[in-house]
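As a plain string of letters, each chain reads:
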Amino acid sequence: MRTRTYARVVAAMLPLMVAPLGLPTLAHAEPAADDESTETPAEPDAPADADAATDAAPDGAEPEEDIGAGIVLDPEVANRQNAEAAYREGSELYEVGKYGEAVDLFKRAWELSKEVQLLFNLGQAYWKWYDVDPEVDHLRQAAVFFRNYDKRMRLTDEYDPFEITNILKAIDAQIEVHERREAEANRPVIVQPGGPTEEELKWQQRQRATRGLNVSGTTLIVVGGVTLAAGIGALVSRVAFKLLLDSSSTSDGGLNIATADEDARRRQGFLLSGQISFGTLIAAAVIAPVGIALRVTGAVRDKKDRARAREKDQERERNLKKAKVAIHPGLTGLTVRF
């Protein structure tokens, strides 16, 4: 959308570059006609004529005179020509992505010509400038120029504000996103007066995480051990049921000397103990290694934390010794100079 709107504005600005826009052209000083109404030119040192020439010139602008050609350039025409040159140079810089420099030249062209389309160009340049230099002020300036352009164009006929309205909505959304990101990035850590510092809070959080690893690892190791014991017990029970089943049968004819109910209970116990032993052993094989890994990780972190705590204690003792050396009884009456 930005490329299309910019192309539209460039087309609207073509009259500024190639046509005089209804402006006065160069005024050539024609020689005076030889008639009775022609006054004799005043001498160069005539003060009255000098004052008249000064009054004829606009405030803040002096006519540029080409003595050799006898041509006087009107100040308004000079401003228009300078505005055209600034606009062309700014357009070239805009096309190569130098939006900051283009903004300066578009502002110069606006100051000289007051062309309404330049407000759109300024808004577009500021908007594109944010893409290469994400400063929220660029978006705010773009919104200002687009709104001023919209305000002036609403006074004209056949103006459709739909496009500018959408542009302003997009810019306002970008400003809101930018400000929210800055607020999140610059959110301060609130520390109560007299409470722990930010570094101490981080240290406490690390210690809590280390204790959590140790507790979780120990718990899983215990659960894994209990599960393993249950699996071993179920396996022993299965072996026992197997021996009972073998002993209840005669060796020669395979006759079962136990009753039918006893034989059924023994076979059911044999099957159930096998299932329990299989499930518990698999669970123990999963739970116990996880617990061991957590416990080892917690032990390593705890060892590092203890070493760090010892280093801090040693550093605190060294600083205390340095402070005791610095406080010498003979060093009194020191003067602080600013």
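Residues numbered from 1 in each chain as written. Predicted model: local features only at pLDDT ≥ 70, side-chain atom pairs only at ≥ 80, totals over all residues. Heavy atoms only, no water.

1. Here's the deal with the overall build of the protein chain
A tally of helices and strands in the protein chain yields nine helices and three strands. Moving toward the C terminus, one meets the helices and strands of the protein chain in the order α-β-α-β-β-α-α-α-α-α-α-α. When each of the 338 residues of the protein chain is scored for burial, the buried share is 25%. Within the protein chain, contacts between residues separated by at least 24 positions form 66% of all contacts whose residues are at least 6 apart in sequence. Roughly 23700 Å² of accessible area belongs to the protein chain as shown, and the carbon and sulfur atoms make up 57% of that amount. (Helix = DSSP H or I, 4+ residues; strand = E, 2+ residues; numbered from the N terminus. Buried < 20%, exposed > 50% of the residue type's maximum accessible area, 1.4 Å probe, protein only. Contact = heavy atoms within 4.5 Å. Areas by Shrake-Rupley, 256 points an atom, 1.4 Å probe, with all protein chains shown as cover.)

2. Observations regarding helix α3 (residues 75-95)
The first and last C-alpha atoms of α3 sit 30 Å apart over 21 residues, in line with the 30 Å expected at 1.5 Å per residue. When we look at burial in α3, the residues that qualify are P75, V77, A78, R80, A83, E84, A86, Y87, G90, S91, L93 and Y94. Of the residues that open α3, the one with a side-chain oxygen 2.9 Å from the backbone nitrogen of E76 is D74. One or two residues past the end of α3 sits G97, with phi positive at roughly 85 degrees. (Expected span 1.5 Å × (residues − 1). Polar contact = N/O pair within 3.5 Å; in protein donor to acceptor, adjacent residues only side chain to side chain.)

3. Focus: the confidence of the model for the protein chain
Mean pLDDT over the protein chain stands at 75; residues scoring 70 or higher make up 68%. The low-confidence segment residues 14-69 (pLDDT under 50) makes 39 contacts with residues lying over four places distant or belonging to another chain. Between residues 325-338, whose pLDDT stays under 50, and residues either more than four places distant or in other chains, the model counts one contact. (pLDDT = per-residue confidence, 0-100.)

4. Re the nonpolar core
Core analysis: the biggest nonpolar cluster contains 35 residues, and F106, W127, F146, Y149, I164, I167 and I171 have the highest contact counts within it. Those elements that place two or more of their residues in this core are α3, α4 (99-113), α5 (117-132), α6 (136-153) and α7 (162-185). Apart from the residues lying within four places of it in its own chain, the contact partners of F146 are F120, G123, Q124, W127, I164, I167, L168 and I171. (Core = buried A, V, L, I, M, F, W, Y, C linked by side-chain atoms within 4.5 Å.)

5. Notes on the side chain of S273
In this structure, S273 sits in helix α9 (residues 260-326). Among the residues examined, S273 registers a relative accessible area of 6% and is labelled buried. Residues in contact with S273, not counting those within four places in the same chain, are A234, S237, R238 and F241.

6. What about unusual backbone geometry?
With a phi angle near 60 degrees, K114 is a residue other than glycine that sits in the positive phi range. Here K114 shows up in the loop between α4 and α5. One non-glycine residue, E158, adopts positive backbone phi at about 60 degrees. Mapped onto the secondary structure, E158 falls in the loop between α6 and α7. With a relative accessible area of 85%, E158 lands in the exposed category.

7. Quick look at the packing of aromatic side chains
By the definition in use, this model includes eight aromatic pairs. Ring centres of Y94 and Y99 lie 5.2 Å apart, and the angle between their planes is 75 degrees; this geometry places the pair in the edge-to-face category. Of the residues examined, Y94 reaches a relative accessible area of 8% and is grouped as buried. Between F120 and Y149, the ring centres sit 5.2 Å apart and the planes meet at 70 degrees, which makes this aromatic pair edge-to-face. Taken together, the positions of F120 in helix α5 and Y149 in helix α6 put the pair 29 residues apart, joining distant regions of the chain. Across the pair, Y149 and F120 agree in class, each one buried. Here the aromatic cluster, defined as three or more aromatic residues joined through ring pairs, consists of F120, W127, F146, Y149 and Y159. Geometry around F270 places R238 over its ring, the cationic atom sitting 3.9 Å from the centre. (Phe/Tyr/Trp six-rings, centres within 6.5 Å; stacked < 30°, edge-to-face > 60°. Lys NZ or Arg CZ within 6 Å of the ring centre and 35° of its normal.)

8. Some words on a nonpolar patch on the surface
A grouping of L228, I232, L235, V236, V239, L243 and L281 is seen on the molecular surface, where their side chains present a nonpolar patch of about 590 Å² in accessible area. Ranked by residues supplied to the nonpolar patch, first place goes to helix α8 (residues 198-247) with six residues. Under the relative-accessibility criterion, V239 is labelled partly exposed at 46%. (Patch = residues over 30% accessible without salt bridge, like charges linked within 9 Å, V, L, I, M, F, W, Y side chains within 5 Å. Salt bridge = Lys/Arg side-chain N within 4 Å of Asp/Glu carboxyl O.)

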